[in-house]
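# Structural characterization, general
Listed below, chain by chain, are the residues.
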Amino acid sequence: MAAYKPVVVQACPKLGEKITQDTLYWRGYKTPVQIKEFGAVNKIDFSPVPPYNYAVTASSRIHIYGRYSQEPIKTFSRFRDAAYCATYRDDGRLLAAGSEGGSISLFDVSGKAPLRQFEGQTKPVHLVGFLSDKYRIFSGGDDYSSKLWDIPSATEIISYSEHTDYVRCGCASKVNADVFITGSYDHTVKLFDARTKSSVMTIEHGHPVESVLLFPSGGLLVSAGGRYVKVWDVLKGGQLLVSLKNHHKTVTCLCLNSSGQRLLSGSLDRHVKIYSTTSYKVVHSFNYATSILSLALSPEDETIVVGMTNGVLNVKHRKPEEKNENSQKKRQPAYRTYVKGRSYMPKQEDFCVSKPVKRVLRKYDKLLRSFQSSKALDAVLEPPIMLHTPEVTVAVMQELHRRGTLRSALAGRDEKQVNLLLTFVARRVIEPRFTPVLVIVADMITDIYQPVVGQSAIVDKQFLKLQQAIGKEIDYQEELLEVLGMMDTLFATFTKKRDTCLEESKSNGVTEIIETNRNY
Amino acid sequence: AGVPAACGCSGCPGPLSRGNGLSSRRYLLYASGDFVKVHSVNTEETLGLLCGHADLVTGIQLNPHNHMQLYSSSLDGTIKLWDFMDGIPIKTFTVGSKLLALYVLASAEDSVFVVIPKKGERDTFQLVSVELTKGAGQDLEGKELSVVLDGVGESSKQIAFGREDSYVVSVKDVNLQVYFFKRKLLNRFSLSTVKTKGGDNRFSCVVCHPTEDCIATGHADGKIRLWRNFHHKKGYTYSALHWHHDTVMDLAYSLEGTRLLSGGVESVLVQWHNESSCQKDFLPRLGSPIECISMSSDGVLCCTLHTDNRISIINSNLRFSRSIQGLIKSRDVKTGLVVDPRTKALVLNGEPGHLQFYSLQSDQQLFSLDIVQRQYIHQAGLKQSDLVKVAFSARGTWLATVEESEEVADPELQLKLWFYSEETQSFALNTRINTPHDNHITDMCFRDMDELGDDSLILVTTGRDCVFKVWVMVEDSDPEAHQSVSWSCDFVGSYHNYQATNCCFSEDGSLLAVSFEETVTVWDSLTWDLKCTFCHPPGNIRNICFGRLTCSKYLIGATDYGFLCCWNLLTCALEWSAHLNVVVLQPDPLSEHIAAVSWLSKESSLFVFKPSEPWPVYIQRNLCKEKILLAAFVPRDEPETISSEKYLWLRKSQLFFLTDTQELMTLSTKSLEERLTPSSKQLAVEESLPVTPFSVLLGKHRRQQAQEDTDLGKPVVHNKQEQASPAVKELLHTPAHVLPSASFLCTIFINSLLISKENKSAEEVADEVEMESEKAEDDSDEEDVTAMEQEDTSHMELLGEMTCKLSKSQEKELRKIRKMDYSWISAF
């Protein structure tokens, strides 16, 4: 003997974004704070030590912001022209920046005037960074050269002129104090060892390199340029691991999150994409108002700061972890109620009787089980079900239709209920997943209540609404078919040989639309 | 080899007479086709098969004077008296005309009542009493007939005998007649023929109250009427009970008459208390319409017989207890006969919306898989959805099913893919695709590639919407998703907007053949390019299949206009064609042979051929009178040895057919008796050796012991002792379901193993050793056993050839062992 089988509610897979752990994580930021800078923000750098201030380089100033401050804590503005690439040292106490004039300034974060000035580059310096031994600075400039400087003596240690175009980005290895990389507009990324006279490795990116990044392990190198983000294996001699093309404009900045599990890239197409570093698939993306030039993520992913071309600094803070433990703590039965009888171990001679599992049926299922069609329909026309889970309502309607009792369930209702029914039908009949069933329902309602049309203003209004909704949908479908026809002609002129492939895409699209259309 | 005979293999439902009886709560007897089957109520096992009738058994009744005897009547005109426990016919009475129902009364010792067709008139039947002559021989004549009632119904449910057999009631159409034996009085009552409120008040069945003068009749409009005072022609009264919405199929009174059971199309068993309409209980959802209800002789159990060839046993408190089922009869076998590669079971439509897995070896349903997963409403005129197509992957790990509703214009199609999970040992739904095609799906097949595993699985469906679709497995990239793979459409192909009718993959999976009305198209399964087309006008293609093994370069097709064509795929030309109206084309998966069943002028013929040769290997004309709709090759577990060259094609697999009357047949080289003997031998209680877990354990152990002994060069001494013990023999030879509990048996068993004190011999030592090792083995302490055995055998070696001379200390030791407490064994 079979048990009663509950009504199957057809669950449609949700289109669009899937809710994953990543989306939940990256959505956990508050609404952004917008700060206006004086010019395009070309670099943002977080201090590696608490309280994680960040230096923003825009126009001829370097602003230092605190974690929650809207106003800069400190400003370095003694630049004659634009400043570039203000970068913190590993201990967070020194700050180096390049400038349009070609000089490199070294600041103490607590002081005002530069501690050192490194003169030697003839063109604007877009790249400044500290090597991980803390005593040397590397730089790259528009004079195609990259240089290494000694901080205590403020002298140039070595100069490499291997690039054939502007050097715009670079990064120091955290593992080896002598290794740094530079990316240039000559489409290459070069790896230098301070102990040698020339570059150790050259990687062809294929586009002007806008940003480079080394993984904390030092084994992987990420370069961004053009629309591509490429990941290279340095230890295998610069072998291309993966090439990502997820932006449709130049990628301008790269950044890793604190755990090293996710890679972020910002682009002129106003998007920040987040990749998983294991699968190199996009797991999330952010939208911004204008093109993005710079991007930084604070330790523990607490803050995302994005700098735009129009000088707006966009700061997002992570929401505090919700602590709802004490807010709705229900009084629960004492511990001993749970353990009561559970700890008993059956002895060998005991005869165990298993308790039958009680199945819980929904209200409409109970009514359907006892063949009470009208009441079952009433049960699913209650506003909470009708509004939030329309698929349940439609599934019960379909079940009633299958049993041949839909007409009698729909009949004999008063003005209020008919109004409710018609509101539901008029609203949902255009949804493709409900259309086949609701068209039948609409048909029956019009059949049943045709004689009483004109007696109630509310019902008449609903009938008109239904008519409008269906009319609109038909127009829309016609338009879609027209577009499809145009596309077909276009495709037909495009391809001659690969008609099988075309057939596939065509029939997939057409059948869907015709299917929904045919129901009218 | 004998003449191959097509014979019904499964319990086809037969007439389902009310005569099935539960005898004393232990045995359930029912008529099934030409046989009467005896089942144990407790274990559901078949205990016996009474065969001897030459036609359908129409009625069975227990002998009221001897509860181990059974009367049965058959369409072949004989009444047989059986000892059903031994399966022996005691007497055969030949009546002559067809017997349609049988009634045996306790009061009339030497006569029985049967329903026979009236001579000279069609469709009129009469109830006659047959005098059972008491003769010495086994075959007797039962020619002395006396007519009791005329114009009775054909069905056994339309006649009932009243309290203390004082009257008989018969119903037919709207007439009820009561005949009182003592007063020789016949009362006729009739209902108005005018249909009131659209109801049809014709009688469908009748029963009599066991202790009162009351008749309960069931009607076609679902009413039950209770008649009283029918001794008077005018003063009779009746009251009505109404719950059923359709015909009341059968009624039954409880032993005391306080409860009345009724059943019908709704497949709900209704229990009415005290003949009042307000007090009733229900047992709903019994699966399929109830055809018959029968009470056991002690009134504790009742069983219902269903239209789908199933018997449910129900407790007196209206609880479903168990069911006995063979091949479930479904309304229409749309899925075809499919063989499950995993269990070798035959898979076809079962209960509505279910797929039944039917084991051919045991004539039992293995399990029933709910595909549609919707509540089935037993009501006429509803558009039900049902299963129409089934396909298994080569290893049986994937199952694809298609279900559609009966509506012609807008079939609600669903394609479902099921994955066999090893943990739960059943199929779990993996993917559901709504509306895979816009019109009915005509065929479906998996790409069978055993060597490549399940990753390369491809499913192809063809539809009347003029396309075929290719479905592939997609790995879910999201690691958090609860299932790793799902199915999606990969390719849609069509050919000149013709309806796609059949599809078939070649053996190596490289080619796909799809038939589009008159044309067969061959596609490359890698690139989905159209390779070539074949056509044999006129007529649409009905079936296609590829040749196998050495004949894999051939493609076979059968057309509507009666042509069987064989195309060579290498030359792309027609190899040969034959004029044959092929209904079924079925390739053997294990050999090159292809079976074709043709239907010509009311007979089905079988042709078996190899594609490489245009002449058939085997022809069987006039296979059966019914139209054969489906066929399947079921691989044998081990190749059968067939001496005749003519039947060599049956060596590796067996061919099964399903006819339009839903009888399952097979082709066998053995005669019916030969085929039946092994099973019936097993059933005979005394002769059989059922494999109980205990005997298996003991057997294994014995074998092990014997091997060890021979390894040591010792003669096996202790086995004979055991064999000789009558208690052990009895224990091993009795079927498990009649054995008392193990704890009760244990002392007897242990005692039987002990040897009386007189012969203290090496044998005794060996026995003791065995006991010890048995115990140790149960504790799964293998090392100890061997160690001990070695010690003991060395001990035995000393004793080996010499006559037994035991030292005092050894004797003492043995005594100690004897005195040991063995009650721990009762725990097992």
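Residues numbered from 1 in each chain as written. Chains lettered and ligands numbered in written order. Predicted model: local features only at pLDDT ≥ 70, side-chain atom pairs only at ≥ 80, totals over all residues. Heavy atoms only, no water.

Turning our attention to the sheet that holds strand 13 (residues 139-141) of chain B. Residues and elements named next belong to chain B. A sheet is described by the order of its strands in space; here five strands give the open sequence 6-7-8-9-13, paired in mixed fashion. At either margin of the open sheet sits one strand with a lone partner, and together these are strand 6 (57-62) and strand 13. Going from strand to strand, the sheet's axes swing by 20° on average, the running direction of each strand aside. Note: strand 6 against strand 7 (residues 69-74), five bridges, orientation antiparallel. Paired with Leu-62 across the strands is Leu-70, a residue of strand 7. (Pairing = 2+ DSSP bridges. Helix = DSSP H or I, 4+ residues; strand = E, 2+ residues; numbered from the N terminus. Axes fitted to C-alpha atoms, helices over the stretch in contact; angles between N-to-C directions.)

This brings us to the side chain of Thr462(B). Residue and element names in this part refer to chain B. Here Thr-462 is to be found in strand 40 (residues 458-463). At 2.7 Å, the side chain of Thr-462 and the side chain of Thr-442 are in polar contact. Sequence-distant contacts of Thr-462, defined by excluding residues within four places in its chain, comprise His-437, His-440, Ile-441, Thr-442, Asp-443, Val-467, Phe-468, Ala-500, Thr-501, Asn-502, Cys-503 and Val-514. (Polar contact = N/O pair within 3.5 Å; in protein donor to acceptor, adjacent residues only side chain to side chain. Contact = heavy atoms within 4.5 Å.)

Right, let's talk about the sheet that holds strand 18 (residues 209-214) of chain A for a bit. Residues and elements named next belong to chain A. Across the sheet, which stays open at both edges, the four strands sit in the order 18-19-20-21 with antiparallel pairing between neighbours. Two strands in the sheet have a free side with no partner beyond their single neighbour: strand 18 and strand 21 (239-244). Each strand axis lies, on average, 20° off the axis of its neighbour in the sheet, ignoring direction.

Before going further, it helps to spend a moment on a negative patch on the surface. Residues Asp475(A), Glu478(A), Glu479(A) and Glu482(A) make up a contiguous surface patch of negative charge. Residue placement: Glu478(A) occurs in helix 10 (residues 457-494). (Patch = residues over 30% accessible without salt bridge, like charges linked within 9 Å, V, L, I, M, F, W, Y side chains within 5 Å. Areas by Shrake-Rupley, 256 points an atom, 1.4 Å probe, with all protein chains shown as cover. Salt bridge = Lys/Arg side-chain N within 4 Å of Asp/Glu carboxyl O. Lys, Arg positive; Asp, Glu negative; His and termini not counted. Charge placed at Lys NZ, Arg CZ, Asp CG, Glu CD.)

A few words now on the packing of helix 8 (residues 415-428) of chain A against helix 10 of chain A. All names here are of chain A. Viewed as axis vectors pointing N to C, helix 8 and helix 10 meet at an angle of 10°, and their least axial separation amounts to 9 Å. Between helix 8 and helix 10, the angle falls in the class roughly parallel. Contacts from Glu-415, Val-418, Asn-419, Leu-422, Thr-423, Val-425 and Ala-426 in helix 8 reach Ile-458, Val-459, Gln-462, Phe-463, Lys-465, Leu-466 and Ala-469 in helix 10. For the contact of helix 8 with helix 10, a count of residues per class yields nine nonpolar, three polar and two charged. (Parallel < 35°, antiparallel > 145°, perpendicular 65-115°, else oblique. Nonpolar A, V, L, I, M, F, W, Y, C, P; charged D, E, K, R; others polar.)

A few words now on the nonpolar core. Leu377(A), Met397(A), Leu410(A), Val425(A), Leu438(A), Val441(A) and Ile445(A) are the most contacted members of the largest nonpolar core, which has 42 residues in total. Breaking this core down by element, the ones donating at least two residues are helix 3 (363-369), helix 4 (373-380), helix 5 (383-388), helix 6 (390-403), helix 7 (406-410), helix 8, helix 9 (435-449) and helix 10 of chain A. Examining the composition of this core, we find that nine residues originate from one element, helix 9 of chain A, more than from any other. Every residue in contact with Met397(A), bar those within four places of it in the chain, is listed here: Leu377(A), Leu406(A), Leu421(A), Phe424(A), Val437(A), Leu438(A) and Val441(A). Counting 28 residues, the second largest nonpolar core, distinct from the first, contains Ala513(B), Leu555(B), Ile556(B) and Cys565(B). (Core = buried A, V, L, I, M, F, W, Y, C linked by side-chain atoms within 4.5 Å. Buried < 20%, exposed > 50% of the residue type's maximum accessible area, 1.4 Å probe, protein only.)

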